[in-house]
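Okay, here's what each chain looks like letter by letter:
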Amino acid sequence: MPRSTTSLPEFSTSVKLKYVKLGYQYLVNNFLAFLLVPVMISVALELIRLGPEEILGLWNSLHLDLIQIMCSVFVIVFVATVYFMSRPRPVYLVDYACFKPPLTCRVPFSTFMEHSRINNKDEKSVRFQMRILERSGLGEETCLPPAIHYIPPTPTMETSRAEAQLVIFSAIDELLKKTGLKPKDIDILVVNCSLFSPTPSLSAMIINKYKLRSNVRSFNLSGMGCSAGLISIDLARDLLQVHPRSNAIVVSTEIITPNYYQGKERAMLLPNCLFRMGAAAILLSNRRREARRAKYRLVRVVRTHKGADDRAYRCVYEEEDSEGISGINLSKDLMAIAGEALKSNITTIGPLVLPMSEQLLFFLSLVGRKLINPKWKPYIPDFKQAFEHFCIHAGGRAVIDELQKNLDLSPQHVEASRMTLHRFGNTSSSSLWYELNYIESKGRMRRGDRVWQIGFGSGFKCNSAVWKCLRTVKTPVEGPWSDCIDRYPVDIPEVVKL
Amino acid sequence: MLLHACTQSYKVPDSHLRIMDQLCLAYSTIILLLSSLLYILWRAFDYQRNRNCYLLDYVCYKPSDDRKLPTDLCSEIILRNKRLSLPDYKFLLKVAVNSGFSEETYGPRPILEGREECVTLAECFEEFDDCTFATLDELFCRTGVSPAAVDLLIVNISLFAPCPSLTSRIIHRYKMREDIKTFNLSGMGCSASLIAVDLVKNVFMSGKKRMLAVVVSSESMVHWYSGTDRSMMLSNCLFRSGGCSLMLTNDPSLKHRAKMKLKCLVRVHTGADDSAYSCAIQKEDDDGRLGVHLSKGLSKAAVRAFSANLRILAPKVLPLRELAICAFRELRQWGSRSTGKKANAPVNLKSGIEHLCLHTGGTAVIHAVEKSFGLSKYDVEPAKMTLRRWGNTSASSVWYVLSYMEAKKRLKKKDRVLMINFGTGFKCNSCLWEVLRDMKDGGAWEHCIDYYPQQNLVNPFMEKFGWINDDNVTIP
C-alpha cells in the first residue's frame, strides 16, 4: 500500500479497501444465491405470462407416462431419505456447569508469596516465582485447594481425593440442578484429569457417589494435558454416534494437590504460579427432545498431535529434578511450538469452517505461490469470518498473546480468555468452559453464533472444537461469574509490582 | 391436485375417474413399499459396513530371564522390609505359598535389585518402554503394518499416568501421524484391556471409515508398598510383570488376515454399591505409605459383578435351548423359595462357547468359576497354567491365557472364545470372540509350551516354605 504523509488519503484508501473487501466477501459467499435468484425470477415471470392452460398444455405435450412420473418421484423420495438418514447424529450441549471455588481457598499474591517464602528456602526460587506472578496476568481471586494452604502443603492421596470430590461433585451437582437430569438417566461418563489418577478411577468415584446405573459406559482419561477436555468431548461424540437416545456427562478437571512442586528447579516452579483449582461438568445428548432446550450443537472437533517431533514432545515434560523431586518442566520453546501446532490444526479445520471467500483467497494465494512467484507471502485466512467468539485455553498470558497475533484477533475476541486467566488462573482443561461462561454472562451469545474452542496440551497437542449456538443466552447467567461479571473486563497491567 | 386440474380442463367421464383413482392408489402403495424396502436394505448395508472389529494380531510381553522371581529371591524381598513383625512374615510367605505361582514369574527390575523404596520416574518409564516397545516392534513386524498407518492408539496402565501421556510417548517413538486419535486410560484396574477394546469398537462404529487401531495394555508394577498393613501387602505378592499389544481393524479387506472377530462386549459397573467400590482402593496407611488396599469383601464383590454381567451376557452367547433351561430353573427356584429349598445347578457355559479366557486373579477365583459352571480341568487349564507361569499380570492376563490356547493349537476356525475380566470399581467386563482361522502362533509361550500342562504341580513355594502353614513353627 502506498504510504501517505497526510492522514485523510490513508483513511479514504482504507475505507475504499474495506468496502471492496466487504463486497468481495458478500459476492463469493452468496455466489449460488446470486446465480439462482435471477434465474428463478425470470422463470416465475414466464410462468405468470403463460397462464395455467398453456402450462397444462405444455405438460401434456411431454407425454409423460404415469409409470415414469412415479419412478422419478420414487427416486427423489429414496435419495432424500438416504441423505437424511446417513447424516451423523447431531450432538447437543444441553448445559454445563463450572465449579465456583469458595472464598476460603483464595490465594491473593501476598498469600502466595508468603507461603512460597516459608515453604521454599531458596531465595532465588522465591524471587523467580515473584517475577512470574507479577507478569502472569492472574488476579487476586484465584484459588488453590485447601491442602496447598497448609504450611508445608500436605499432598497425600486422601487430600487429593478430597479436592477431587469437592470440585467434581460441586460441578456435577450444579449441572444436575440446572438441567433437571436424574443420575439414573446418565448413559455415558467421560472423566479427564491429567495429573491425578487414583485407583479406583475418578469415574468410579462419580458412579459410586451418584449411584449411576451398572451399564453406564465410563472412561477415565489421564495424562493428556490441558487439551484433554476437548479429547473427552471427542470421545463422548463418538459414543453418542453409536448409542441413540443417550445422555453423556463429560467432567474436565485438574487436581492441583499432588502436583505442587516443592523443589528449586525454575522451569518446574512455573506451573505452581499458574495452575489453579477448577472443574467443569458438561451434559451432551443426542436425544431429539433435548434439541429444544440445548444451548449449543457440536459442529466439529479437530485433533492435532505433534508428538512425532522431538522438541514438541519435550516441551511440557514431567521429570525429576536433581534432588529427585518430580515436577512439570516447561521448556522455553513452548510458544513457538504452540504456534506451529496451531498452524497444523487450522490447516485441517480451515477448509471445514471458513466461508468460500476466504477459502478462495487462500487457494489463489497457494496457486500463485506455487506457479507464479514463490516469494509471495502466504495468505493467512481471516478466522473472524468463520466465528463470532473465540475461547482460547487460558494457559498463560504468553499463549493468549501468541494466538492473538497468529490469528489476528482483536482485544475483544481474546477478552474472555484474558479475564478467565485473571479471575480463575489456569484451570487446565476446564478453562475453556469458564471462558464460554464469561461470554454468556456478558450477554454476547446470540442464536446462530459460532464458537471456536482451542486447547493446547502436553505431547504436544492442539485440539479445537466448533459449537453453534442454538438459542440466545439471556443474562443474568448462573455460574462462576455471576457475582463479579460487572467488574469485568479489567485492565491487566503488563507487570503488577509486588 | 394435478388430477383435479386435469379433470377440470378435460372433463373426463366418471368411470374413467374412478379407475384412474384406483390406479394411482395402487401405484403410490407400490412406490411406498419399494421405497421402504430399499431404505431397509440401505440401513442394513450401512450397518454392516465397517462395523466389525477384527483382531489382526496380538503380542504378549516376555521379559528377560534375569527378571524371574524364584523362591529364594521372593523370600529375600519379603524379609527386606525390616518394619514387619514375625506374624507379618508368616502371613506373606503363606500368601506366596498359596498363590499358585511357579518360579518363573517376572518382577520389575527396581524391586529385584533392592530399590523398591526409592523408585525414580525414569525407572517407571523404563519399565513401560521395555514392555511396550518390545511388543509393538514385534506387532508391527508381524502384521507388516507401518506405524504411520495407525489411526487410533489406546494405552491403558492403571497406576502410572505421567505428563505427557504414554500415548504421546509411543507417538514420539514411532513418529506416528498428526491426525491420530489417542486415548490414555488410567485407574481402571485389571479390566482395562476390555474397556480399551470397547472404546475401539465404539470409535470404529461411529467413524464409518476404515481404521487401524493399536491397544497397549500393561501395568506399572514398580509401585511397591513398604508398610505394615497386611491388606496392602497382598498386592505386592500377587501381581507380576507383563503386558500386551493388540492390533484391531474394521477394514473388511483385512479380514482374511485377522485372527478373531469381536461378537459382543458387555460391561458392568457395580460402583454404586459402597462395599464394591471400596473393596480395592488405593490409599495411604496409618504411616502415610501409599498402597492398594484389598478388602475381604473382594470376592463377594467379584461374584456379584460377575452375576450381573452374566445376566446380560447369557442371552447374547448361549443358545436358545440353554436359555430356556436357565429360565425354567430360575422359575423353579423362585417357586421353591417358599419351601426353602436351594436349587444351584450350574449354567452350562460350554453350550455357547468353546474356550474360556478367565482373568488370572488368583487360584480362588479360578476354582470358584470352575465349580460354579461345572467346567472341566481341560477348560480351566489355560488360566491355571497362565497363573503358574506368569502370575497375575493385571489387565493383560486374559491375553496370556489366549496365547496359551493358541500355542496348544486349541483354537480352530469358528470356535468361540469368551474373555472375562475383573477390575477395581468394581467392574466385570466380558467379550466374545469368534476365531476366523486356525490359530497356531507360539507367542510368549513358544519356548516353554511343551512343558505345559505340568502334570507334576509341585508348588516350589510349598516345598520350601510349606512349614509356614504349621502354626507352631517360628522363623529362624
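Because the structure is predicted, anything quoted here is derived from the model rather than measured.

### Overview of the overall build of chain A
Working step 1: Within chain A, the regular secondary structure consists of 17 helices and 11 strands.
Working step 2: Seen through its principal axes, chain A has C-alpha atoms that stretch 95 × 70 × 45 Å.
Working step 3: When burial is assessed residue by residue, chain A has 53% of its 498 residues classed as buried.
Working step 4: For chain A, restricting intrachain contacts to residue pairs at least 6 apart in sequence, the fraction spanning at least 24 positions comes to 80%.
Working step 5: Counting every atom, chain A has about 23000 Å² of accessible surface; 60% of that belongs to carbon and sulfur.
Working step 6: Placing the 63 positive and 47 negative side-chain charges of chain A at their respective mean positions leaves the two points 3 Å apart.

### Notes on the interface of chain B and chain A
In many reports, interface size means the accessible area that the parts give up when they come together.
Working step 1: On the chain A side, the residues contacting the 67 residues of chain B number 70 residues.
Working step 2: Contact between chain B and chain A buries roughly 5800 Å² in total, counting both sides, with carbon and sulfur atoms accounting for 60%.
Working step 3: It is B:Cys163, B:Glu178 and B:His269 that lose the most area in chain B upon contact with chain A, and together they represent 12% of the buried surface on that side.
Working step 4: Our enumeration of links across chain B and chain A arrives at four salt bridges.
Working step 5: The partner of B:Lys181 in a salt bridge is A:Asp234, with the nearest N and O atoms 3.1 Å apart.
Working step 6: Connecting chain B to chain A are 30 residue pairs in polar contact (both at pLDDT 80 or more).

### Concerning the side chain of B:Arg388
Residues and elements named next belong to chain B.
Working step 1: Residue placement: Arg388 occurs in helix 14 (residues 377-390).
Working step 2: Of the side chains with opposite charge, Glu104 comes closest to the buried, unpaired Arg388, at an N-O distance of 7.3 Å.
Working step 3: Among the polar contacts made by the side chain of Arg388, one reaches the side chain of Gln454 at a distance of 2.5 Å.

### Observations regarding the UniProt feature "domain: FAE" (unreviewed entry) in chain A
Working step 1: Per the UniProt annotation, the sites labelled "domain: FAE" (unreviewed entry) are residues 83-371 of chain A.
Working step 2: End-to-end, the C-alpha atoms of residues 83-371 of chain A are 39 Å apart, and along that stretch the chain is 44% helix and 19% strand.

### As for the environment of A:Asp173
Residue and element names in this part refer to chain A.
Working step 1: Within the secondary structure, Asp173 is located in helix 8 (residues 157-179).
Working step 2: Classification of Asp173 as partly exposed rests on a relative accessible area of 39%.
Working step 3: Remark: the alpha-carbon pair of Asp173 and Tyr210, spanning 37 residues in sequence, is separated by 9.5 Å.
Working step 4: In this structure the side chain of Asp173 is engaged in a polar contact, spanning 2.7 Å, whose partner is the side chain of Tyr210.

### A look at the pairing of strand 4 (residues 212-218) of chain B
Residues and elements named next belong to chain B.
Working step 1: The element strand 4 is extensively covered by neighbouring structure, given that seven of its seven residues are classed as buried.
Working step 2: Where burial is concerned, the two faces of strand 4 agree: the one with Leu212, Val214, Val216 and Ser218 and the one with Ala213, Val215 and Ser217 are both buried.
Working step 3: In this structure, strand 2 (residues 152-157) lies alongside strand 4, joined through six bridges in parallel fashion. Looking across to strand 4, one finds that Ile154 is bridged to Val215.

### Focus on the pairing of strand 7 (residues 280-284) of chain B
Residue and element names in this part refer to chain B.
Working step 1: Inspection of the sheet shows strand 7 paired to strand 8 (residues 290-294) by five bridges, in the antiparallel sense. In the strand pairing of strand 8, Ala280 is matched with Leu294.
Working step 2: The antiparallel hairpin formed by strand 7 and strand 8 contains five residues in its connecting segment, where Gly288 sits at a positive phi of about 85 degrees.

### So, the UniProt feature "active site" (unreviewed entry) in chain A
Residue and element names in this part refer to chain A.
Working step 1: Under the present numbering, the feature "active site" (unreviewed entry) in UniProt falls on Cys226, His305, His389, His393, His422 and Asn426. For the annotated residues, spread through 201 residues, the largest C-alpha to C-alpha distance comes to 28.6 Å, inconsistent with a single compact locus.
Working step 2: Among the secondary structure elements, His389 is positioned in strand 9 (residues 389-392).
Working step 3: The class for His389 is buried, based on a relative accessible area of 9%.
Working step 4: Once residues lying within four places of it in the same chain are set aside, the contact partners of His389 are Ile439, Arg444, Met445, Asp449, Arg450, Val451 and Trp452.
Working step 5: Of the polar contacts made by the side chain of His389, one reaches the backbone oxygen of Arg444; its length is 3.4 Å.

### Points about the nonpolar core
Working step 1: Formed by 137 residues in total, the largest nonpolar core has its most connected members in A:Leu284, B:Trp399 and B:Trp433.
Working step 2: Setting aside chain neighbours within four positions, we find B:Trp399 in contact with B:Leu55, B:Tyr58, B:Cys60, B:Ser193, B:Val197, B:Cys244, B:Leu246, B:Met419 and B:Trp433.
Working step 3: Listed in part, the 47 residues of the second largest apolar core include B:Cys279, B:Leu294, B:Val380 and B:Ile420.

### Description of unusual backbone geometry
Working step 1: Of note, the bond from A:Thr199 into A:Pro200 is cis; its omega dihedral lies within 30 degrees of zero at -5 degrees.
Working step 2: With respect to the helices, strands and loops of the structure, A:Pro200 is situated in the loop between strand 2 (188-193) and helix 9 (202-210).
Working step 3: Omega for the peptide link from A:Gly459 to A:Phe460 comes to 5 degrees, which places this bond in the cis form.
Working step 4: Notably, A:Asp408 is not glycine yet its phi reads approximately 55 degrees, a positive angle.
Working step 5: Structurally, A:Asp408 can be placed in the loop between helix 15 (397-407) and helix 16 (411-424).
Working step 6: Under the relative-accessibility criterion, A:Asp408 is labelled exposed at 55%.
Working step 7: One non-glycine residue, B:Lys409, adopts positive backbone phi at about 60 degrees.
Working step 8: One can find B:Lys409 in the loop between helix 15 (397-407) and strand 10 (416-423).
Working step 9: Judged by relative accessible area, B:Lys409 falls into the partly exposed class, the value being 44%.

### Thoughts on a positive patch on the surface
All names here are of chain A.
Working step 1: Where like charges cluster on the molecular surface, the positive patch consists of Arg87, Arg288, Arg297, Arg447 and Lys468.
Working step 2: Note that Arg447 resides in the loop between helix 17 (431-441) and strand 10 (450-457).
Working step 3: Classification of Arg447 as exposed rests on a relative accessible area of 64%.

### Here we look at the pattern of salt bridges
Close approach of charged atoms allows side chains of opposite charge to pair.
Working step 1: Under the criterion given, the structure shown has 56 salt bridges over all chains.
Working step 2: Among the ionic pairs, A:Asp95 bridges to A:Lys295, the shortest N-O distance being 3.1 Å. Taken together, the residues A:Asp95 in strand 1 (residues 92-98) and A:Lys295 in the loop between strand 5 (278-285) and strand 6 (296-305) connect sequence positions 200 residues apart. By the burial criterion, A:Asp95 is buried, and A:Lys295 matches it.
Working step 3: Several salt bridges converge on common partners, so that one network encompasses B:Asp57, B:Glu138, B:Arg142, B:Lys259, B:Glu406 and B:Asp441.

### Details of the confidence of the model for chain A
When pLDDT is low, close inspection of the predicted coordinates is not appropriate.
Working step 1: For chain A, per-residue confidence averages 89 on the pLDDT scale, and residues scoring 70 or more make up 96% of the total.
Working step 2: Every residue in residues 1-9 of chain A is under pLDDT 50, and counting partners more than four places away or in other chains gives four contacts.

### Remarks on the packing of aromatic side chains
In this description, a pair of aromatic rings is defined by centroid distance and the angle of the planes.
Residue and element names in this part refer to chain B.
Working step 1: A complete count under the given rule lists 29 aromatic pairs over all chains for this structure.
Working step 2: The interplanar angle of 80 degrees and the centroid separation of 6.0 Å between the aromatic rings of Trp390 and Trp445 together place this pair among those described as edge-to-face. A residue pair is termed long-range when its members are at least 10 positions apart, and Trp390 in helix 14 and Trp445 in the loop between strand 11 (427-435) and helix 16 (460-465) qualify at 55 residues. Each member of the pair, Trp390 together with Trp445, is buried.
Working step 3: Where Trp399 meets Trp433, the ring centres are 6.0 Å apart and the plane angle is 70 degrees; that geometry is what we call edge-to-face. You can see Trp399 sitting in helix 15 and its partner Trp433 sitting in strand 11, a full 34 residues away along the chain. Each member of the pair, Trp399 together with Trp433, is buried.
Working step 4: Among the aromatic residues, those joined into a cluster by ring pairs are Tyr106, Trp390, Tyr400, Tyr404, Trp445 and Tyr452.
Working step 5: When the ring centre of Phe133 is taken as origin, the NZ or CZ atom of Arg173, which lies over that ring, is 4.4 Å away.

What counts as what
- Residues numbered from 1 in each chain as written.
- Chains lettered and ligands numbered in written order.
- Predicted model: local features only at pLDDT ≥ 70, side-chain atom pairs only at ≥ 80, totals over all residues.
- Heavy atoms only, no water.
- Helix = DSSP H or I, 4+ residues; strand = E, 2+ residues; numbered from the N terminus.
- Buried < 20%, exposed > 50% of the residue type's maximum accessible area, 1.4 Å probe, protein only.
- Contact = heavy atoms within 4.5 Å.
- Areas by Shrake-Rupley, 256 points an atom, 1.4 Å probe, with all protein chains shown as cover.
- Lys, Arg positive; Asp, Glu negative; His and termini not counted.
- Charge placed at Lys NZ, Arg CZ, Asp CG, Glu CD.
- Buried area = accessible area lost by both parts, 1.4 Å probe.
- Salt bridge = Lys/Arg side-chain N within 4 Å of Asp/Glu carboxyl O.
- Polar contact = N/O pair within 3.5 Å; in protein donor to acceptor, adjacent residues only side chain to side chain.
- UniProt positions renumbered as here; feature names shortened; annotations may be inferred.
- Pairing = 2+ DSSP bridges.
- Core = buried A, V, L, I, M, F, W, Y, C linked by side-chain atoms within 4.5 Å.
- Patch = residues over 30% accessible without salt bridge, like charges linked within 9 Å, V, L, I, M, F, W, Y side chains within 5 Å.
- pLDDT = per-residue confidence, 0-100.
- Phe/Tyr/Trp six-rings, centres within 6.5 Å; stacked < 30°, edge-to-face > 60°.
- Lys NZ or Arg CZ within 6 Å of the ring centre and 35° of its normal.

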